[in-house]
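Below, each chain spelled out in residue letters.
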Amino acid sequence: MKLSINGREYDVGADAETPLLYVLRDELALNGAKFGCGLGQCGACTVMVDGEAVFSCVTPLLLLEGKKITTVEGLGTVDNPGPMQSAFIEEQAAQCGYCIAGVMMRAQALLQKNPDASDADIRSTLQPNLCRCGTHMRILRAVRRAADMMKSKQAASAADGSVR
Amino acid sequence: MAMLRIVAIVAVLCAAAVIGAIALEWRSAIDPVTRPDLKSFTTAQIKLGAQLAALGDCNTCHTAPGSRPFAGGVGVPTPFGTIYSTNISPDEDTGIGRWSETAFRRALREGVDREGRQLYPAFPYEHFTLLSDDDIAALYAFLMTRDGVRATAPANALAFPFNIRPLVAGWKLMFLREGPYQPIASANDDWNRGAYLVEGVAHCGACHTPRNALGAEMVERKFAGGEVEGWTAYALNDASPAPVPWISQALLDYLRNGWQSDHGIARGPMAPVIDNLAAAPDADLQAMTYYMTGAFGEPSAERRRAAEALLIHVYRSESEPQPASASPQDPGARIYQAACASCHDNGRPLPYGGINLALSTGPSGPNARNVINVVLRGLPLASGERSPIMPGFANVLSDEQLAQLLVYIRSRFSDKPVWSNIDSDIRAARSAHVAITSEHGTDAAGRAVSQHEAQR
């Protein structure tokens, strides 16, 4: 079946019952999303589907036909990181880093819908994503920084008249 | 039709108000007191009060998410508008700090506040009226020894004529039978204790008994099932949709743990109830289950046989897993196979495994609402305790896919007829703010107080 991931069309051979995470990692070498619990309880596998945060470990391919999937690889590259990624680097929000891709994807989904998310919004939204290193405070700072960066970027592009 | 109904309701209310005004005098205020000293209560009283407050689920309505316990301000949706719970912490200006025990007793027994104003029956005094004087004194001791919180609830948002408080006096004439509870001589002590708790402080019927057009419980249909905040409260009488009839041990386990292997899990508004019951003594829960087993009634021989056959079938198929059918054609079956079966068909026991849906009450329920709520939002983790878990699928299931899944679940796991109104129930659940995650957060605060006190 066909999947749309990070703006690219992929033809995947896995059967329709396969969880998205396995296809991302085993077939497409998109290794950003991690396998944590496999039960949709830890958040390490979080990706975006049509702008909403989704646990890829419990989401079978057959629910994804015609939908737009975004993984952490879709937020930017090593050379050209997106605002969410830059903010996490600047705040040094990762320790072991296992949970971080999932955290960034859920935060991205939140800020796309609500650029002015409050601290309370950020905290309650990120509840499903567990971090055992305990970098929660840095993560919160990083998400706030990302929100600021996205806004100033938007303001800048509005000022120079470019269309995003 | 709807207009006629409203006119009829208004007419009844007006008549009731006139009768009420004649029959009931305006209730006088009870003088304020200085907030009683902590030392005027005994530890035993406060401990008993904590248990009763937990059984009564006081914190669920009187503690707003993220706010201090018992400070009120929780919006309770009713068919007549939203009623905001009041501050029952002992703050002297905004709570009940200046209420005497007499005023507190009158509120529970008669639904009148200290100043003499009628209280809306969203506060379930038609149940609390049954409490004994001693238990009311204990509840008073517990609440008066909490931290006072300065907080004023938002004004109620009720439609005319329901915003006219004195009308409540007429409502009470029709529907309030004042207590305290009088034991039934022909019943044994366990039954009477159970009835006292279930009908009184625990107010189970407030959700599980259907209500009439004026919002009063229909006594002739006791425990026939009700609606609460977008969830269905299942029937607890002979109309119970549970595939396996409830027996007292199962009910006891369910009320203690929030899940029971042959019936399923407590969720929605029942989840905070279970959280609170952790503070209730075993003897009280046993009495309650004894009484409720009577309410469920003796299942028919036919129903018992069907349940036994079902249990044998379920547990045998779990021990000898059948290969999944290669690729079913029915779209609902495919979704079930791909998204649900890995937990619900793998034989792992509750609470971490998913229950075999043939045993769960949801698929056999009178409508699809509870199943929709759980599929969309999943089951949140309860903090600090063993609890069932499930991720929600709201962000990946389209309405059409969810409807297909529901039709399949109903046909495979229940022998009941197809659900009606699936589409409108899905739309309602999507748009409603069915609180699932916040409940545990709220309760953790309220419960911590109760349990701490209960264990003193």
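1. Looking at the interface of chain B and chain A
Working step 1: Tallying the contact residues gives 12 residues for chain B and 16 residues for chain A.
Working step 2: By residue number, the principal contributor to the side of chain B that touches chain A is helix α14 (residues 331–344) of chain B, which donates five residues.
Working step 3: Residue classes in the side of chain B that touches chain A are distributed as seven nonpolar, four polar and one charged.

2. Section: the sheet that holds strand β3 (residues 157–158) of chain B
Strand pairing within a sheet occurs via backbone hydrogen bonds; the two strands may be parallel or antiparallel.
Residue and element names in this part refer to chain B.
Working step 1: A sheet is described by the order of its strands in space; here three strands give the open sequence β1-β2-β3, paired in antiparallel fashion. Strand pairing shows two members of the sheet lacking a second neighbour, β1 (75–78) and β3, which therefore form its edges.
Working step 2: Pairing of strand β2 (residues 81–84) with β3 involves two bridges; the strand directions are antiparallel. Bridging across to β3, G81 finds its partner in L158.

3. Remarks on the environment of L277 of chain B
Working step 1: Secondary-structure assignment places L277 of chain B in helix α11 (residues 270–277).
Working step 2: In contact with L277 of chain B, not counting residues within four places along its chain, are A54, L255 and L285 of chain B.

4. Regarding the sheet that holds strand β2 (residues 8–11) of chain A
Residue and element names in this part refer to chain A.
Working step 1: An order of β2-β1-β5-β3-β4 is seen for the five strands of this open sheet, with the pairing classed as mixed. Because the sheet does not close on itself, it has two edges, and the strands there are β2 and β4 (52–55). Sheet twist, expressed as the mean angle between neighbouring strand axes with direction ignored, is 40°.
Working step 2: Pairing between strand β3 (residues 46–49) and β4: four bridges, direction antiparallel. Bridge pairing in β4 links T46 to F55.
Working step 3: Contacts from helix α3 (residues 100–113) reach β3 and β4, with the element oriented near 30° to β3.

5. A short note on the packing of helix α8 (residues 189–201) of chain B against helix α12 (residues 282–296) of chain B
All names here are of chain B.
Working step 1: The geometry of α8 relative to α12 is characterised by a closest axis approach of 7 Å and an angle of 95° between their N-to-C directions. If you check the angle between α8 and α12, you find them roughly perpendicular. Residue-level contacts link D190, W191, R193, G194, A195, L197 and V198 of α8 to D284, A287, M288, Y290, Y291, M292 and G294 of α12.
Working step 2: Here the residues of the contact of α8 with α12 sort into nine nonpolar, two polar and three charged.

6. Considerations on the environment of G13 of chain A
Residue and element names in this part refer to chain A.
Working step 1: Structurally, G13 is set in the loop between β2 and α1 (20–27).
Working step 2: For G13, a count of 8 C-beta atoms within 10 Å corresponds to the exposed category.
Working step 3: Sequence separation of G13 and G36 is 23 residues, and the distance between their C-alpha atoms is 24 Å.

Criteria and thresholds
Residues numbered from 1 in each chain as written. Chains lettered and ligands numbered in written order. Predicted model: local features only at pLDDT ≥ 70, side-chain atom pairs only at ≥ 80, totals over all residues. Contact = placed C-beta atoms within 7 Å. Helix = DSSP H or I, 4+ residues; strand = E, 2+ residues; numbered from the N terminus. Nonpolar A, V, L, I, M, F, W, Y, C, P; charged D, E, K, R; others polar. Pairing = 2+ DSSP bridges. Axes fitted to C-alpha atoms, helices over the stretch in contact; angles between N-to-C directions. Parallel < 35°, antiparallel > 145°, perpendicular 65-115°, else oblique. Buried ≥ 20, exposed ≤ 12 C-beta atoms within 10 Å, placed from the backbone.

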